[in-house]
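What follows is each chain in one-letter form.
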Amino acid sequence: MSEPGAAQPEAVSEATGRRLVLNMGPQHPSTHGVLRLVLELDGETVVRAEPEIGFLHTGIEKQCETRLYHQVVTLTDRVDYLAPLSNNLCYCLAVEKLLGLEVPPLARWMRVMLTELTRLNSHLVWLGTHALDIGAMSVFLYCFREREDILRIFEMFSGQRMMTSYFRIGGLAVEPPRGWHRAVQNFIQAFPSRLDEYEELLTRNPIWLRRTKGIGYVSLEDLLDLGVTGPMLRAAGLAWDIRKAEPYSDYDKFEFDIPTRTESDVYARYQVRLEEMRQSTRIIRQALEGMPSGPHVADAPGIVLPDREKMKTEMEALIYHFKIVTEGFRVPPGEVYQAVESPRGELAYYVVSDGGNRPWRVYMRTPSFGNLQALPAMVEGGLIADVVAALGSMDFVLGDVDR
Amino acid sequence: MLQELLESVPVISELAAREPQALLEGKRDRGEITLVIAPSRIAPVCRFLKERGFVRLSSITAVDWYPAEPRFEVVYHLHDIEHNQRLRLKCRVHEGESLESVTSVWRGANWYEREVWDLFGIRFENHPNLRRILLPEDWTDHPLRKDFPVHGGRYDYADQEHP
């Protein structure tokens, strides 16, 4: 690999007469994965920053082209390990749009409830690690305590803590488990007071304020120009949330607010994400109260796997099961760009079908990739110690960047 | 199809008036608007659309239709936040043909164009830094092309030199 930062070793600054090129990563605790930053320093000031990505590139998009439509669901989990259900949802919605398939109300509401739990899960990991990077260790332990409860709920639903694959084309993988209502209820009753705990530790903490206020500022125009989405954009004052703007999966039936701040610094992003957690709690509570009853999958033989019981008594069910598992189903030709609001911003799947049983092309517009481009704008001109704070406030997942 | 879009979407009729040679095809499918743009006019078209409210470039990617010709479609997804409208632009290019970069319109296009170059081998003229982004610098192929094998060649450790 060439060394982009080391291009001009003779370059000297006027102030001190000396510049230092520093490699941060690819193995560095604050990059939460394998991100390499080439920093050019003048004393403690960052003059130039260049992110180098691709260390986690696994060719998922290429893999998608070789799998049947329903097999791709398990690949989408592995893009963003903190928000597997958001990726499942986005892919399923895209294929359902291509098929013209309507999923039943129970599945739609369950999808909303579980993606909001995913948002909590992701924001909790963000808050814990972000605080840990800046030096507040205890927050991390509290956040992971609550995250554990969410992972238990995921395990209850899908049998998996992280790679859930619970949403399938046409609905849900299996019926919601017995006792799910009480499990989610217990969690959601306790959660707001836990959020207060985090706030007590951080919101007015003088060290936290000095490390985050006024740090990593980028103007709203620059953020838009650089392709940033999600909480970072809302912390700069733009009340744009895909759940409101282009409602999918019955989000228009839920009441919630879009939190915004105008300061566009690390602290504003912290405030926006914390408020988002409270709003997610509101959505989950509404989903619990109004959860519709009925089937969990669409009535679409040939696309949705048949019921196990029916397979033992009905010939057609057995044939459909055999055909779906061995050769999948055909999707009418066309292309769809489906966007959802993932915890990190705009997540979109561009699925192109040529009429066959495997996708011709699956492109993942991942929020972390778009957001990471704003990193140089955020840290250049600041102190090297603030790079860690700015990195944490972006909340990227390297798997999501590199795919 | 294009006629219907010209009549119903004002920004597209404005575009057709401003860039008469650029707009080749247009369709509305499953509620999504797709415009096919002449490859030589992509940068001015994007500049015009940005002025008209498409402030956000959602993504740039490509599709390989091998063995059809022209084999590549470079796909731009634009978004107008204020009017909540999305627009898909497509340029059909042959192998070896290059496109004008839109980094001067949206700075965010930088990494997306690098990714398309890296994975499909489509060049962008006047790009400030058109290097590989996901794959190593010394990689020679473009893996998202349809003629690139999924499983790769056999790797034999005996072939490697051990210093």
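Everything that follows concerns the structure shown earlier in this document.
K.L.:
Could you clarify how one ought to interpret the overall build of chain B in this entry?
P.N.:
Per the secondary structure count, chain B includes 4 helices and 7 strands. Along the chain direction, N to C, the helices and strands of chain B fall in the order α-α-β-β-α-β-β-β-β-α-β. Out of the 163 residues in chain B, the part that is buried amounts to 52%. When contacts within chain B are restricted to residue pairs at least 6 apart in sequence, long-range pairs at least 24 apart make up 49% of them. Roughly 7,900 Å² of accessible area belongs to chain B as shown, and the carbon and sulfur atoms make up 49% of that amount. Chain B carries 22 positive and 27 negative side-chain charges, and their two centres are separated by 5 Å.

K.L.:
Hey, could you run me through the sheet that holds strand S3 (residues 56–64) of chain B in this one?
P.N.:
In any sheet, the strands associate via hydrogen bonds between backbone groups, in a parallel or an antiparallel arrangement. Residues and elements named next belong to chain B. Read from one edge of the open sheet, 5 strands run S1-S2-S5-S4-S3, paired in mixed fashion. A strand with exactly one partner marks an edge of an open sheet, and here the two such strands are strand S1 (23–29) and S3. Pairs of neighbouring strands in the sheet enclose a mean axial angle of 20°, with direction left out of account. Inspection of the sheet shows strand S2 (residues 32–37) paired to strand S5 (residues 85–93) by 3 bridges, in the parallel sense. Opposite valine 36, over in S5, you have lysine 90 as the bridge partner. The sheet contacts of helix H3 (residues 42–51) involve S2, strand S4 (72–80) and S5, and relative to S5 the element is tilted by about 175°.

K.L.:
How should I be thinking about the side chain of A:Glu116 in this particular structure?
P.N.:
All names here are of chain A. Relative to the helices and strands, glutamate 116 resides in helix H4 (residues 105–134). The exposure class of glutamate 116 is buried, given its relative accessible area of 0%. At 2.4 Å, the side chain of glutamate 116 and the side chain of tyrosine 251 are in polar contact. Among residues more than four places away in sequence, those in contact with glutamate 116 are Arg243, Tyr251, Ser280, Ile283 and Ile284.

K.L.:
Looking at this structure, I do not really get the pairing of strand S8 (residues 361–365) of chain A. What am I missing?
P.N.:
Each regular strand carries side chains that alternate between the two faces of the sheet. Residue and element names in this part refer to chain A. Of all 5 residues in S8, 5 are buried; the element is thus mostly enclosed. Across the two faces of S8 the burial is the same, with Arg361, Tyr363 and Arg365 and Val362 and Met364 all buried. Pairing geometry for strand S7 (residues 345–353) and S8, over 5 bridges, is antiparallel. Looking at S8, one finds that tyrosine 350 is bridged to tyrosine 363.

K.L.:
What am I meant to see in unusual backbone geometry here?
P.N.:
In this structure, B:Pro67 follows B:Tyr66 across a cis peptide bond, with omega equal to 5°. With respect to the helices and strands, B:Pro67 occurs in the loop between S3 and S4. That bond from B:Glu69 to B:Pro70 is cis: its omega, -10°, falls within 30 degrees of zero. We note that A:Asp250 has phi near 65°; this positive angle belongs to a residue other than glycine. If you trace the backbone, A:Asp250 turns up in the loop between helix H10 (242–245) and helix H11 (266–290). Residue A:Asp250 is classed as buried on the basis of its relative accessible area of 11%. Of note in this structure, B:Arg30 is not a glycine but carries a positive phi near 50°. For B:Arg30, the location among the structural elements is in the loop between S1 and S2. Judged by relative accessible area, B:Arg30 falls into the partly exposed class, the value being 26%.

K.L.:
Looking at this structure, how should I read a negative patch on the surface?
P.N.:
Where like charges cluster on the molecular surface, the negative patch consists of A:Glu175, A:Asp307, A:Glu314 and A:Glu316. Secondary-structure assignment places A:Asp307 in the loop between H11 and helix H12 (308–313).

K.L.:
Where do I start with the nonpolar core in this structure?
P.N.:
The tendency in soluble globular proteins is for nonpolar side chains to be buried side by side. Ranked by size, the top nonpolar core spans 171 residues in total, and within it A:Met113, B:Tyr76 and B:Leu89 carry the most contacts. Looking at which element gives the most residues to this core, the answer is H4(A), with 14 residues. When residues of this core are assigned to domains, at least three map to each of domain 1 (4–52) and domain 2 (60–373 + 385–402) of chain A. Apart from the residues lying within four places of it in its own chain, the contact partners of B:Leu89 are B:Leu35, B:Ile37, B:Ile42, B:Val45, B:Cys46, B:Leu49, B:Val74, B:Val75, B:Tyr76 and B:Leu78.

K.L.:
Explain the layout of surface pockets to me, please; I cannot follow it from the model alone.
P.N.:
Space left empty within the atom packing is revealed by a probe, the size of a water molecule, rolled over the atoms. Of the volumes computed, that of the largest pocket is approximately 940 Å³. Around the largest pocket sit 29 residues that line it, and A:Val297, A:Val304, A:Leu305, A:Pro306 and A:Asp307 are the ones nearest its centre. Every element with two or more residues in the lining of the largest pocket is listed here: H12 and helix H13 (315–327) of chain A. What the second largest pocket holds in volume is close to 600 Å³. What lines the second largest pocket is a set of 26 residues, and nearest its centre among them are A:Lys97, A:Pro247, A:Tyr248, A:Gln338 and B:Glu32. Broken down by secondary-structure element, the contributors of at least two residues to the lining of the second largest pocket are helix H3 (84–99), H4 and strand S6 (334–342) of chain A together with S2, S4 and S5 of chain B. For the lining of the second largest pocket, the element with the most residues is S5(B), which contributes 4 residues. The residue makeup of the lining of the second largest pocket, split by class, is 11 nonpolar, 6 polar and 9 charged.

What counts and how
- Residue numbers restart at each chain and count upward from 1, following the sequence in its written direction.
- Chains carry letters and ligands carry numbers; both start at the beginning, A for chains and 1 for ligands, and go up in the order they are written.
- Residue-level local features of this predicted model are given only where pLDDT is at least 70; pairs of side-chain atoms are given and counted only at 80 or more, and the full residue set underlies all totals for whole chains, interfaces and linings.
- Side-chain figures throughout are based on the complete set of non-hydrogen atoms in the structure, without hydrogens or water.
- Only DSSP runs of H or I covering at least 4 residues are called helices, and only runs of E covering at least 2 are called strands; the numbering of each starts at the N terminus.
- Note on exposure labels: buried denotes an accessible area under 20% of the residue type's maximum, exposed denotes more than 50%, and partly exposed covers the range between, all computed with a 1.4 Å probe on protein chains only.
- Only heavy atoms matter for contacts: two residues are in contact if any of them lie within 4.5 Å across the pair.
- Accessibility throughout is a Shrake-Rupley quantity obtained with a 1.4 Å probe, and a residue counts as covered only by protein chains that appear here.
- Neither His nor the chain termini are counted; the positive set is Lys and Arg, and the negative set is Asp and Glu.
- Taken as the charge location is NZ of Lys, CZ of Arg, CG of Asp or CD of Glu.
- Think of it this way: DSSP has to see at least two bridges between two strands before they count as a pair.
- The axes are straight lines fitted to the C-alpha atoms, using for helices just the contacting stretch, and the angles between their N-to-C directions are given from 0 to 180°.
- Counting of polar contacts relies on pairs of N or O atoms within 3.5 Å, with two restrictions inside protein: one atom must be capable of donating a hydrogen and the other of accepting it, and residues adjacent in sequence are counted only when both atoms are side-chain atoms.
- Here, patches come from residues exposed beyond 30% relative accessible area and free of salt bridges, joined within 9 Å for like charges and within 5 Å for nonpolar side chains (Val, Leu, Ile, Met, Phe, Trp, Tyr).
- Here, a salt bridge means any side-chain nitrogen of Lys or Arg that lies within 4 Å of a carboxyl oxygen of Asp or Glu.
- Side-chain atoms within 4.5 Å are what join buried Ala, Val, Leu, Ile, Met, Phe, Trp, Tyr and Cys residues into a set we call a nonpolar core.
- What marks off one domain from the next here is an automatic or database domain assignment.
- Only protein atoms enter the calculation, which uses a 1 Å grid: trapped sets of points that fit a 1.4 Å probe without letting it out are cavities, open sets showing protein on both sides within 12 Å along at least five of seven lines are pockets, and any residue with an atom within 4 Å of a point is a lining residue.
- Grid points are joined across faces, edges and corners, and a volume is the space filled by probe spheres set on the points.
- Residues are grouped as follows: Ala, Val, Leu, Ile, Met, Phe, Trp, Tyr, Cys and Pro are nonpolar; Asp, Glu, Lys and Arg are charged; all remaining types, including Gly, are polar.

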